[in-house]
Every structure is written in C-alpha cells, then in structure tokens.
Amino acid sequence: MAVAQVPRNFKLLAELEKGEKGMGAGACSYGLEDPDDIYMTYWRGTIWGPPHGNHENRIYELKMECGPNYPKEPPLIHFVSQINLPGVNPTDGKVDKNAVAVLRDWILIATELAKNPRPKEDPLSLEVALIAIRKYMEEHKKLPQPPEGSKFAMYK
C-alpha cells in the first residue's frame, strides 16, 4: 500500500509556522530569508552556542536552502558566522552533509518514511538539522574559534 506524500510547500509551511511561533527548540530558531519567497527556498537560522566550551554565549547565523526536492533531499546549509568546525568549509561555511548524521542519512530516512506511515514527530526538518548541527558543535566545543561576530568573507 502506497503512503501519501506531504507536498513540499505544505511541509515548508508547517515548518515556517513552527519557526515563527517559536514552538521549536529554544537553542535554535529559523525563518524565511525573504517573506516574499513564495517557493520557500531560502531560510535563515540561528544556533545558540552550546555551553561549557568555546561556543558558549555565542550566536551563530546560518543560511539554508531547501531545493525543489526537499524534503526528499537535505537542505544545503552554510554558516554565515565564521566557525572552526570539522566538516564546515573554512572558505564559505558550507556544512558537509557527511559530517552531521541526520544530513548524511537524510535520503535513507526519507526513503523509509515514504514506505511507512509518518511518526508523530518529523525526523526530517530544518529544526532537526539545526539541532543536529548544534549537537555536533558540542562534540567539538574545545576547538579555538574565530573572534565573535566574524563572518565568512562572502557574507560580509
């Protein structure tokens, strides 16, 4: 029996509503980069640095792009705020999807979700990606970081 797929725009509208109403995780926030983006492609996110390390009390800004195949394919994610983190390109801030488990396994999870009914909580969303990146930051919290407020050159 085939399971109905939620259309891309419906899913993104639900994510936008959750992000705008602050119903998600307190350590991350997200919303559309341009409120007039009818395709809901370009997003901005914020991660509050995890405590007890060099990210503590820092706010990191990110850009996310949900391509035409989202949510079947993961969003492209770039740090705007400069960060020293394995799996983040030191030139442009692009997050290597293989560095963060949920991004690496996204297509596999999406394929499984297409075969089986959806769980109560969506395991594939912008919020889930941001939380996973924050957890990854926590695993590398002792790495020295650029001065607070620094941005990658392409975002200055």
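Check the entry above for the structure.
Every chain is numbered independently, its residues counted from 1 as its sequence is written. This being a predicted model, a pLDDT of at least 70 is required before a residue's local features are given, and a value of 80 or more before pairs of side-chain atoms are given or counted; all residues contribute to the totals for chains, interfaces and linings. Remark: hydrogens and water are excluded; side-chain values derive from all non-hydrogen atoms of the structure.

Trainee: Sorry if this is basic, but what is going on with the pattern of salt bridges here?
Mentor: Any two side chains of opposite charge can pair if their charged atoms end up close together. By definition here, a salt bridge exists when the distance from a side-chain nitrogen of Lys or Arg to a carboxyl oxygen of Asp or Glu is within 4 Å. Scanning the entire structure with this criterion turns up eight salt bridges. Its salt-bridge partner being K115, residue E112 comes within 3.7 Å of it at the nearest N-O pair. Of this pair, E112 and K115 both sit in helix α3 (residues 106–115), three residues apart, which is roughly one turn of that helix. We classify K115 as exposed; its relative accessible area is 53%. Runs of H or I in DSSP of at least four residues are treated as helices and runs of E of at least two as strands, each being numbered from the N terminus. Burial classes: relative accessible area under 20% of the type maximum marks a residue as buried, over 50% as exposed, and values in between as partly exposed (1.4 Å probe, protein chains only).

Trainee: Help me out: how do you make sense of the nonpolar core in this one?
Mentor: Here is a general trend for soluble globular proteins: nonpolar side chains tend to be buried in one another's company. Counting residues in hydrophobic clusters, the biggest one holds 37 residues, and the most contacted among them are W43, F79 and I133. Of all the secondary-structure elements, those providing two or more residues to this core are α1 (8–20), β1 (28–32), β2 (42–48), β3 (59–65), β4 (76–79), α2 (101–104), α3 and α4 (126–139). The element best represented in this core is α4, accounting for seven residues. A contact between two residues is defined here by any heavy atoms of the two lying within 4.5 Å. Ignoring any residue separated from it by four or fewer positions in sequence, one finds I133 in contact with I47, L62, I77, F79, V95 and V100. Within this scheme, the nonpolar core is defined by two criteria: the residues are buried Ala, Val, Leu, Ile, Met, Phe, Trp, Tyr or Cys, and they are joined through side-chain atoms within 4.5 Å.

Trainee: Please clarify how the packing of aromatic side chains should be interpreted in this entry.
Mentor: To pair, rings of Phe, Tyr and Trp, with the six-membered ring standing in for Trp, must have centres within 6.5 Å; the planes then decide the type, stacked if under 30 degrees apart, edge-to-face if over 60, and tilted in the middle. Summed over all chains, the structure comprises three aromatic pairs. Residues Y30 and W43 carry aromatic rings whose centres are separated by 6.4 Å and whose planes lie at 45° to one another, so their mutual orientation is tilted. Of this pair, Y30 sits in strand β1 while W43 sits in strand β2, and the two are 13 residues apart along the sequence. In this structure Y30 comes out as buried when scored by relative accessible area, which is 9%. The buried category is assigned to W43, whose relative accessible area is 0%.

Trainee: I keep staring at the pairing of β1 and nothing clicks. Help me out?
Mentor: β1 sits mainly inside the fold: four of its five residues count as buried. Two strands qualify as a pair provided DSSP detects at least 2 bridges between them. Across five bridges, the pairing between β1 and β2 is antiparallel. The partner of C28 across the bridge, within β2, is I47.

Trainee: Whenever I open this one, the sheet that holds β3 confuses me. Can you help?
Mentor: Either a parallel or an antiparallel arrangement is found when strands of a sheet pair, and the pairing is made through backbone hydrogen bonds. Read across the open sheet, the four strands follow the order β1-β2-β3-β4; overall the sheet is antiparallel. Looking at which strands have only one partner, the edges of the open sheet turn out to be β1 and β4. Strand-to-strand twist of the sheet, defined as the mean angle between neighbouring strand axes without regard to direction, takes the value 25°. Axis definition: a line fit to C-alpha positions, over the contact stretch in the case of helices; interaxial angles, taken between N-to-C directions, run 0 to 180 degrees. Seen against the sheet, α1 touches β1 and β2 and runs at an angle of roughly 125° to β1.

Trainee: Would you take a moment to explain the side chain of S81 for this structure?
Mentor: With respect to the helices and strands, the residue S81 is situated in the loop between β4 and α2. What makes S81 buried here is its relative accessible area of 9%. A polar contact of 2.8 Å, which involves the side chain of S81, links it to the backbone nitrogen of E61. Leaving out residues up to four positions away in the same chain, S81 has contacts with I59, Y60, E61, S150, K151 and F152. Polar contacts, as counted here, are pairs of nitrogen or oxygen atoms within 3.5 Å of one another; within protein the pair requires one atom able to donate a hydrogen and one able to accept it, and residues that are adjacent in sequence qualify only if both atoms are side-chain atoms.

Purely spatial values, then, with no claim about function.
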